[in-house]
Structure formats: structure tokens, C-alpha cells
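Listed here are the chains, written in short residue letters.
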Amino acid sequence: PDGQAAVWNDHLIDPSVCAAGAGGLSEFPTPSYQQALPGELLLSSRGLPDVSALAGAPGYLNLSSNGTWFGNGGTSLASPLYAAAFASIRSRLVAEGLTPPVLLNDAIYAIAADPTLYELVFRDVKHRSNRIYDSVDCCDAGTGYDMASGLGEIRIDAMAGALVVAARPTTPTTSPISPAT
């Protein structure tokens, strides 16, 4: 709505179309990185998705084989977008002599747990719903983590900066008090 990020749900536009993003709870246990989500949401099992990519219209701009541009979206386009972005971030970390995160989800959720970093790194997707059937009580977008848009869209440049800072070794401080002799 009005240029704000919204979850994908073509069913809201045309009820005869059954096409929307997905989300919800899986049958897997809640992973450690989701046990302290920003806000008050407590998950009984693994929540999906983790993040969104270019939520809602206009979607991605693609070039067809006949040379025309068209808008599109979905996981099949979002996955390579984030894979390439995180490969670039990893290359930057390695080039700076820093160690990339072992588990990316741990790093993403740790950044999201800091309210200031969350505002810098994520674009919260707060509008619309992935709900297609009224009988399914799931997946409304809202503030912070939700099962329609996860943590939101990642601002890649800000994520890169946050991961660089997190990977830099900290310098131990020395006490100004001398040990007793």
C-alpha cells in the first residue's frame, strides 16, 4: 500500500487467484536463534520465513528471453538474490581478514535482537496477510518478526556493515589498577 512493503497475496486483489507467500510453524523444534525473537512472540516450533525479499509489488524486474522486461517475485527469485548478496558479504569479510559467521541464521537473528541494528539492517514488512483461506489463522504481517514476512527485508549494505563489525575482534581492556605485589 502506498509504496510501503507488503506481503505478497494476489488472492486479496483477485479472490479467484490462489497465489500468495507462505509462512507458519513447521514440525521442527524452535531453533536457538528463534528462542529470543524481537518483541514478545514466542514460537512453539520453527517459524518460517526468516526474511523477505522485495515484499509485494512491484517485485523483481526480469529480462525475458525475447528481451522484454517484466515484474515477478517469489522464492525462486528471492533465494538467488540473497545467496549472491551473502556470497558478496562473505567475500568482503574474507578480504578484510575477518571470519564469516558459521551459521548465518545465528548472525541474522543476533543483529535483529538489537533494536537499533534491527532498524538499520531490516525493512520491517508490516502490511497485508498471506492468508488465502479464512479457516487458516496464520501469517498476518505486523511489527517485528511475523510468519508472513519473517524479520523483514534485509538492507544488504547495512547487513554487510553489521557483519563486518560483529566479526572484528574486540580488544581486551586493561585495568588501571596494578596487581598487588
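Residues numbered from 1 in each chain as written. Predicted model: local features only at pLDDT ≥ 70, side-chain atom pairs only at ≥ 80, totals over all residues. Heavy atoms only, no water.

Enquirer: What's the story with the environment of glycine 23 in this structure? I'm lost.
Expert: Mapped onto the elements, glycine 23 comes out in the loop between helix 1 (10–13) and strand 1 (24–25). Spatially, the C-alpha atom of glycine 23 lies 6.1 Å from that of cysteine 139, the residues being 116 residues apart in sequence. (Helix = DSSP H or I, 4+ residues; strand = E, 2+ residues; numbered from the N terminus.)

Enquirer: I tried to follow the packing of helix 3 (residues 104–113) against helix 5 (residues 156–167) on my own but got confused; where do I start?
Expert: For any two helices packed against each other, one specifies the crossing angle of their axes together with the interaxial distance. For the pair helix 3 and helix 5, interaxial distance at closest approach is 11 Å and the crossing angle is 100°. As far as their axial angle goes, helix 5 and helix 3 are roughly perpendicular. Residue-level contacts link Ala107, Ile108 and Ile111 of helix 3 to Met159, Ala162 and Leu163 of helix 5. Its residues placed into classes, the contact of helix 3 with helix 5 shows six nonpolar, no polar and no charged. (Axes fitted to C-alpha atoms, helices over the stretch in contact; angles between N-to-C directions. Parallel < 35°, antiparallel > 145°, perpendicular 65-115°, else oblique. Contact = heavy atoms within 4.5 Å. Nonpolar A, V, L, I, M, F, W, Y, C, P; charged D, E, K, R; others polar.)

Enquirer: Would you explain the pattern of salt bridges in this entry?
Expert: Between side chains of opposite charge, a pair can form when the charged atoms approach closely. Tallied over the full model, the rule gives four salt bridges. One salt bridge connects glutamate 153 with arginine 123, and the closest N-O pair in it is separated by 3.0 Å. With a gap of 30 residues between them, glutamate 153 in strand 6 (residues 153–154) and arginine 123 in strand 5 (residues 122–123) connect regions that are remote in the sequence. Residues joined in a network through salt bridges with shared partners are Arg92, Glu96 and Arg168. (Salt bridge = Lys/Arg side-chain N within 4 Å of Asp/Glu carboxyl O.)

Enquirer: Looking at this model, I keep getting lost on helix 5. Mind explaining?
Expert: When the terminal C-alpha atoms of helix 5 are compared, their 16 Å separation across twelve residues agrees well with the 16 Å that a helix rising 1.5 Å per residue should span. Among the residues making up helix 5, those that are buried are Met159, Ala160, Ala162, Leu163 and Val164. (Expected span 1.5 Å × (residues − 1). Buried < 20%, exposed > 50% of the residue type's maximum accessible area, 1.4 Å probe, protein only.)

Enquirer: Got a minute to help me understand the packing of aromatic side chains in this structure?
Expert: The relative placement of two aromatic rings is captured by the distance of their centres and the angle of their planes. Applying the stated criterion across every chain yields a total of four aromatic pairs. Taking the centre distance of 6.3 Å and the plane angle of 50° together, the rings of tyrosine 82 and phenylalanine 86 count as tilted. In this pair, tyrosine 82 and phenylalanine 86 are both assigned in helix 2 (residues 75–95), four residues apart and thus about one turn of the helix distant. There is no split in this pair, since tyrosine 82 and phenylalanine 86 are both buried. Pairing tyrosine 109 with tyrosine 145 gives two aromatic rings, centres 6.4 Å apart and planes at 45°, and the pair type is tilted. Of this pair, tyrosine 109 sits in helix 3 while tyrosine 145 sits in the loop between strand 5 and strand 6, placing them 36 residues apart in sequence. Judged by its relative accessible area of 4%, tyrosine 109 falls in the buried class. What makes tyrosine 145 buried here is its relative accessible area of 4%. Taken together, Tyr33, Tyr109 and Tyr145 form an aromatic cluster joined through their ring pairs. (Phe/Tyr/Trp six-rings, centres within 6.5 Å; stacked < 30°, edge-to-face > 60°.)

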